[in-house]
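# Observations on chain architecture
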Amino acid sequence: MLNNKIGFRLTFGVVLTVLLAIGVFAYFNIQSEKKSLLTEVERHANQLSEAVKSDTEYDMLHNDRERIHESIRRIGRQDSIDRVRVFNKSGEIIYSSDSAEIGTMVDKKAESCYRCHSAGKPLERLEKQERTRVFRPHRDSSRLLGIINPIYNSQSCWTAACHAHPKTQTVLGVLDVTIPLTEVDRNILNSRVAIVVLAVSVILILSLIVGFMVRWWIDRPVQELLTATRHVAGGELGYRIKVTRDDELGMLARSFNNMTDKLAEARLQLFQSDKLASLGRLAAGVAHEINNPLTAVLTNSSYLLKRSQGQAEMRDDLQVIVSETIRCREIVKSLLDFARQTVLKKRKADINEIIGRAATVIENQLALGRVKLVMELDTALPRATVDANQIQQVFINLMVNASDAIGENSGTIKITSSAISLRPTGVLQIKRALCPKRHDLVDRKIRIDGKPAISMRFRKKKHTGLIHLNPMYGVDEHRLSDMPALGEGVQLLCPDCSASLIAEGELCPDCGSPVYAFEVPLRGLVQGCLREACGWQRWEQVDSAWNDEYVEVRVIDDGCGIPKTQIPKLFEPFATTKGQKGTGLGLAVTWGIVDNHNGTISVESEVGVGTSFVIRIPVGA
Amino acid sequence: MSPVQDILVIDDEPTVTGAVVKVCGAEGMTITAVNSASEALRCLEKSSFRLALCDIMMHDLDGFQFLEELAHKGIKMPVVMMTGYSTMENAVKSLSATGAVDYIPKPFTADELLTIIRRSLRCSKLLDEAESVGLPRNGSMSYVPCPTDYYRLGYVSWVLMEDKGTAKIGVSDLFLKAAEGIRGFELSVPGEDVLQGIPCAVATSHNGSRHEIMCPLSGKILDLNTDAQSIPSLVERDPYFRGWLYRILPSNPQSDLQWLSL
């Protein structure tokens, strides 16, 4: 479980490495500490030994044994000295701070003799560093440092009055001083404990820090990514990772978000086209099935209408049947039109009049639901070129929706109309874009905000790729992927024929970069800058001839409102909030009609307060 | 049953044939209704008709097969296809490939039906007259000959493909003659989309009937002939040149043109 986590593994790995490094460091540190302490003690022992030797030399030459005994005993009483003794060449202890052992023989194999007597023939000279030895007299006793100091023969010895030593003798005896290492050993132990404690605390602190950093920089973002993947895998394509960092994981999160965006869009498109395909089949089926009964109704009623001259009341009723059946016919047609995204029959029409007609159609339904209809219409509204039947359908759909939202309660539907001005940027969609060889750059498979994007290919040496421009004029939200900035050696080409899309001799008036250009059939050239943060775009013919007159109609109700989560799906086919009551086609058809008029439709809603649909239709269409 | 009747109506829905019988009967036409194409073929063995109204989607033999049978048997009876809006493509196909004279989209009003029946009967008469003086029975030669590089949709409308990729659309001489004198045209406005087989203009004749003119090609209207709108008689006098109706930007010329005849 735990060892499957990347954070744990990483922390464990780092700690193990640190442990190893500090372990090795501590080992060598302790070793060198030990060595230097011992060297210090050795130096001290040597000095001591030399001091004893020179201290007793005079008495030796005068063979004053009592004084020598006294000096040795005095020196041996010091705390820092275990024992001082002198033995002669044959190993007999002559002087000793421990008077009990005077006169006893030293085994040549004993630790104090071993250095010289190990090689059969005794050594006559002993180097300084070879004089010391560290040993334990018993297994349980503390360590001792012994230093032997050979007493060499000298002229003063063989000429001394006592004549104790002949001239031929090289070594007269050995001064052996032993010093207890208790203090040194304690120091070594202390420093070893200190180093171990230090090492352990360093490791602990380090692993805490590393663990924290790993958690902060790796574990958490990875967990976030993982959570996001689970959400996305669970179908929640709207899930986003909050990107707060610029490192690789931040980039990963960003591309993850990007990927889910595209996935969501692709799914939406697939979903939409799937729905549209089934809607098309459904509509064709419905149209076919409904056409025969409608034919019978329409033919018979219009036949009766022809024959009912002079019967005014009956004529009126028949007229309603005929006109409403014709409306049915138009609905079936528009359903098929929507499925095929086709033809409009546009004429100059008064939008207020269309609103009035739509209101008359659903008046009965509103009266039953105790809904009040308030109209605030701008009498100076310009006449717009629209398909009156379809636009009427839009208003009927929205009013029916509003009345459904109000439900059983009483409420108000307010319809307002007004003339507004809109700039072409952000409103006008480029639906066809031609390269110099007249290939359409609009790619219906790639969509930005649901609209087919304009695709171009860039090339710099061997590096090439596709970019997708937002088809809304003036909207600078393109997908440039990893395209280098336009300039020396960067080509921008038609994906079909590789004709260059860079406008020769034209530079962006805002930033001076090279610009792209394509033609919109019958509406002139569109030029633009691709440098990030510039986003300049020019469509001369549209800018100069733009009719910024729009009619804005708002349908406002004080009904139940639409939950925020439902709003993005509102205009999709078969998305209904009415349960069994609706087909889910109304708003999809509405959207299709408004879009076919180059208009826009948007919605603002608050649950429990009401909903407001805003439709903007260009006067000139 | 008299040997020559006015109308034979074929539809597998009795409510549709019933309504047609009622409307035509009230206008004094003689009419026989059958509910399948095979029944219609049996009927044609015994009597002849001046015009047939035939549904396209039927159970045993469909409208196309019925037209093929007629051609096979050498029966030169004009046929008007009836079809739902959902199968407009079929309607265009029936006009070009199998020699129907016209079609009427369902559902239709009594007036729409009568307008098309009268126009088709007259059209058939005009073709008979043309044939009797040795002209081909395809509508290309009647009072005003149709130029050879014009594509035609049935006897209704024509297309001239222009060099710059646009196309001119107009109404055929025979259609205008069959409509018996045009009082005026209702045209769509530039910028609007038109679809092959769907009415793109309405010609109103002196007797008040409205004749919908099927568009021969899908596309977007670029320009319209204001002369045709203001002087309807110009279209009648010179339907193939000065009497054009629209200039359009074809959206799908290749696939559209296959249904048109040169």
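This is a predicted model, so every value here is computed, not measured.

## Some words on the overall build of chain B
The helix and strand inventory of chain B stands at nine helices and 14 strands. Expressed as a percentage of the 262 residues in chain B, the buried residues total 50%. Residue pairs in contact within chain B that sit at least 24 positions apart in sequence constitute 61% of those at least 6 positions apart.

## Observations concerning the overall build of chain A
Within chain A one finds 11 helices and 20 strands. Relative to its full complement of 621 residues, chain A shows a buried share of 27%. If you take every contact in chain A between residues at least 6 apart in sequence, the share linking residues at least 24 apart comes to 61%.

## So, the packing of helix α9 (residues 388-406) of chain A against helix α11 (residues 586-596) of chain A
All names here are of chain A. It is at 9 Å that the axes of α9 and α11 come closest, and there the two elements cross at 145 degrees. Two packed elements cross with a definite hand, and for α9 against α11 that hand is left-handed. Across the interface between the two elements, Q390, I391, Q393, V394, N397, L398 and N401 of α9 pack against G586, L587, V589, T590, I593 and V594 of α11. Considering only residue class, the contact of α9 with α11 consists of seven nonpolar, six polar and no charged.

## Re α11(A)
Residues and elements named next belong to chain A. Where burial is concerned, most of α11 is hidden: 10 out of the 11 residues are buried. Among all positions in α11, only G586, L587, A588, V589, T590, W591, G592, I593, V594 and N596 are buried. Of the residues flanking the end of α11, it is N598, one or two places downstream, whose phi is positive at about 60 degrees.

## Remarks on helix α5 (residues 110-132) of chain B
All names here are of chain B. Between its first and last C-alpha atoms α5 spans 33 Å; for 23 residues at 1.5 Å apiece the expected length is 33 Å, and the two agree. For α5, the full list of buried residues reads A110, L113, L114, T115, I116, I117, R118, R119, S120, C123, S124 and L127. Where α5 terminates, the next one or two residues include G134, which has phi positive at roughly 90 degrees.

## What to know about the sheet that holds strand β13 (residues 219-224) of chain B
Residue and element names in this part refer to chain B. Within the open sheet, the six strands sit side by side as β6-β7-β8-β14-β13-β10. Their pairing is antiparallel. Looking at which strands have only one partner, the edges of the open sheet turn out to be β6 (151-153) and β10 (193-194). Bridge count for β13 against strand β14 (residues 246-250) is five bridges, and the pairing is antiparallel. The residue bridging L224 from the neighbouring strand is Y246, located in β14.

## Some thoughts on the sheet that holds strand β4 (residues 79-84) of chain B
Strand pairs in the sheet, formed through backbone hydrogen bonds, run parallel or antiparallel to each other. Residues and elements named next belong to chain B. The strand order across the open sheet formed by five strands is β2-β1-β3-β4-β5, and the pairing between neighbours is parallel. One side of each edge strand has no neighbouring strand; the edge strands of this open sheet are β2 (31-34) and β5 (102-106). Taking each pair of neighbouring strands and ignoring which way they run, the sheet shows an average axis angle of 20 degrees. Strand direction decides the pairing type here: strand β1 (residues 4-10) and strand β3 (residues 48-55), joined by six bridges, are parallel. Bridge pairing in β3 links I10 to C54.

## Observations concerning the interface of chain B and chain A
Taken together, the contact between chain B and chain A spans 29 residues of the former and 31 residues of the latter. Broken down by secondary-structure element, the contributors of at least two residues to the side of chain B that touches chain A are α1 (14-26), α5 and β10 of chain B. Examining the composition of the side of chain B that touches chain A, we find that seven residues originate from one element, α1(B), more than from any other. Classifying every residue of the side of chain B that touches chain A gives 17 nonpolar, six polar and six charged.

## Details of the packing of helix α1 (residues 6-61) of chain A against helix α5 (residues 182-233) of chain A
All names here are of chain A. α5 packs onto α1 with a crossing angle of 160 degrees between their chain directions and a minimal axis gap of 9 Å. The pairing of α1 with α5 is recorded here as roughly antiparallel in orientation. In this structure, the crossing between α1 and α5 has a hand that is right-handed. Residue composition of the contact of α1 with α5, by class: 24 nonpolar, eight polar and five charged.

## Digging into the nonpolar core
Formed by 88 residues in total, the largest nonpolar core has its most connected members in B:I10 and B:V80. No other element matches the seven residues that α5(B) contributes to this core. Excluding its chain neighbours within four sequence positions, the residues that come into contact with B:V80 are B:L51, B:L53, B:A100, B:V101, B:D102, B:Y103, B:I104, B:I116 and B:S120. Counting 42 residues, the second largest nonpolar core, distinct from the first, contains A:A287, A:I354, A:V394 and A:L587.

## So, the environment of B:T166
Residue and element names in this part refer to chain B. Within the element layout of this structure, T166 appears in the loop between β7 (157-161) and β8 (167-171). Along the sequence, T166 and I221 sit 55 residues apart, while their C-alpha atoms lie 9.7 Å from each other. Once residues lying within four places of it in the same chain are set aside, the contact partners of T166 are L222, R247, I248 and L249.

## Brief notes about the pairing of β14(B)
Residue and element names in this part refer to chain B. Burial along β14 is one-sided: Y246, I248 and P250 are buried, and none of R247 and L249, which face the opposite way, are. Summarising the sheet, β8 and β14 pair through three bridges and their orientation is antiparallel. If you follow K168 over to β14, its bridge partner there is R247.

## Let's talk about unusual backbone geometry
For residues besides glycine, phi is generally negative; the peptide bonds are generally trans as well. In this structure, B:P107 follows B:K106 across a cis peptide bond, with omega equal to -5 degrees. You can see B:P107 is positioned in the loop between β5 and α5. Of note in this structure, A:S498 is not a glycine but carries a positive phi near 60 degrees. By secondary structure assignment, the location of A:S498 is in the loop between β13 (491-493) and β14 (502-507). For B:E180, which is not glycine, the phi dihedral falls at a positive 60 degrees. Relative to the assigned elements, B:E180 resides in the loop between α6 (173-178) and β9 (182-187).

## What to know about the confidence of the model for chain B
Residues and elements named next belong to chain B. Overall, the predicted model of chain B reaches an average pLDDT of 84, with 92% of residues at or above 70. Looking at the elements of chain B, mean pLDDT is at its lowest for helix α4 (residues 88-97), recorded as 70, and at its highest for β2, recorded as 94. Overall fold confidence (pTM) sits at 0.48, and the ipTM for the predicted complex is 0.83.

## Let's talk about the environment of B:M58
Residue and element names in this part refer to chain B. Among the structural elements, M58 can be located in the loop between β3 and α3 (63-73). According to the C-beta neighbour criterion, M58 is buried, with 20 such atoms within 10 Å. For the pair formed by M58 and A37, sequence separation is 21 residues and the distance between their alpha carbons is 7.8 Å.

What counts as what
Residues numbered from 1 in each chain as written. Chains lettered and ligands numbered in written order. Predicted model: local features only at pLDDT ≥ 70, side-chain atom pairs only at ≥ 80, totals over all residues. Helix = DSSP H or I, 4+ residues; strand = E, 2+ residues; numbered from the N terminus. Buried ≥ 20, exposed ≤ 12 C-beta atoms within 10 Å, placed from the backbone. Contact = placed C-beta atoms within 7 Å. Axes fitted to C-alpha atoms, helices over the stretch in contact; angles between N-to-C directions. Left-handed = near helix turned anticlockwise from the far one by under 90°. Nonpolar A, V, L, I, M, F, W, Y, C, P; charged D, E, K, R; others polar. Expected span 1.5 Å × (residues − 1). Pairing = 2+ DSSP bridges. Parallel < 35°, antiparallel > 145°, perpendicular 65-115°, else oblique. Core = buried A, V, L, I, M, F, W, Y, C linked by C-beta atoms within 7 Å. pLDDT = per-residue confidence, 0-100.

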